[in-house]
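Reading the structure
Chain by chain, the residues:
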Amino acid sequence: MRVCFTLRVRPDRLVEYRARHREVWPEMRAALSAAGWRNYSLYLAQDGLLIGYLECDDFDAALADMARTEVNARWQAEMAEFFVGDGNADERMRPLDEVFHLD
């Protein structure tokens, strides 16, 4: 399945958010892959709109698998301050409805 979601990054944290994602921890990358996240991309607009895209077999299962990892708990704790709103980003991801796909 293909999943697309949006989040909002604080405008005053955009530069650092981009920098953090140039050096995602190897163990975080490995955990995402092990949890079934494939072809995962993040896109960030100048106003803080973050668009994520990934492919997986089951999005709820992929999120649950990540929630059980220690590395994700550390990553979410460090990244929480970058986002508008409360809670960690993984808990606020809601897939958007796909309305068109050109195969």
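Overview of the structure.

Analysis parameters
Residues numbered from 1 in each chain as written. Predicted model: local features only at pLDDT ≥ 70, side-chain atom pairs only at ≥ 80, totals over all residues. Heavy atoms only, no water. Phe/Tyr/Trp six-rings, centres within 6.5 Å; stacked < 30°, edge-to-face > 60°. Helix = DSSP H or I, 4+ residues; strand = E, 2+ residues; numbered from the N terminus. Buried < 20%, exposed > 50% of the residue type's maximum accessible area, 1.4 Å probe, protein only. Lys NZ or Arg CZ within 6 Å of the ring centre and 35° of its normal. Contact = heavy atoms within 4.5 Å. Patch = residues over 30% accessible without salt bridge, like charges linked within 9 Å, V, L, I, M, F, W, Y side chains within 5 Å. Areas by Shrake-Rupley, 256 points an atom, 1.4 Å probe, with all protein chains shown as cover. Salt bridge = Lys/Arg side-chain N within 4 Å of Asp/Glu carboxyl O.

**Describing the packing of aromatic side chains**
One pass over the structure, following the stated rule, counts five aromatic pairs. On the basis of an interplanar angle of 80° and a centroid distance of 5.7 Å, the ring pair of Tyr-17 and Phe-83 is categorised as edge-to-face. Placement of Tyr-17 in helix H1 (residues 14–22) and of Phe-83 in the loop between helix H4 (70–79) and helix H5 (89–92) is noted, with a sequence separation of 66 residues between them. The pair Tyr-17 / Phe-83 is uniform in exposure class, with both members buried. Note on Trp-25 and Trp-75: the rings are 5.0 Å apart at their centroids and 90° apart in plane angle, and the pair reads as edge-to-face. A residue pair is termed long-range when its members are at least 10 positions apart, and Trp-25 in the loop between H1 and helix H2 (26–34) and Trp-75 in helix H4 qualify at 50 residues. The same class applies to Trp-25 as to Trp-75, namely buried. Sitting over the face of the ring of Phe-82, Arg-13 holds its NZ or CZ atom 4.3 Å from the ring centroid.

**Some words on the environment of Leu-54**
Looking at where Leu-54 falls in the secondary structure, it is placed in strand S3 (residues 49–55). The buried category is assigned to Leu-54, whose relative accessible area is 0%. As for Leu-54 and Leu-42, which are separated by 12 residues in sequence, their C-alpha atoms are 8.9 Å apart. Apart from the residues within four sequence positions on either side, Leu-54 is in contact with Met-1, Arg-2, Val-3, Phe-5, Trp-37, Arg-38, Asn-39, Tyr-40 and Phe-59.

**Description of a nonpolar patch on the surface**
A cluster of nonpolar side chains, contributed by Val-99, Phe-100 and Leu-102, occupies part of the molecular surface with about 440 Å² of accessible area. Locating Phe-100 in the fold gives a position in the segment after H5.

**A closer look at the pattern of salt bridges**
Enumeration according to the criterion identifies 10 salt bridges in this entry. The partner of Glu-78 in a salt bridge is Arg-20, with the nearest N and O atoms 3.4 Å apart. On the criterion of sequence distance, the pair formed by Glu-78 in helix H4 and Arg-20 in helix H1 is long-range, its members being 58 residues apart. In this structure, the salt-bridge partner of Arg-38 is Asp-57, at a minimum N-O distance of 3.5 Å. You can see Arg-38 sitting in strand S2 (residues 38–44) and its partner Asp-57 sitting in the loop between S3 and helix H3 (59–67), a full 19 residues away along the chain. On the basis of relative accessibility, which here comes to 37%, the residue Arg-38 falls in the partly exposed class. What makes Asp-57 exposed here is its relative accessible area of 69%.

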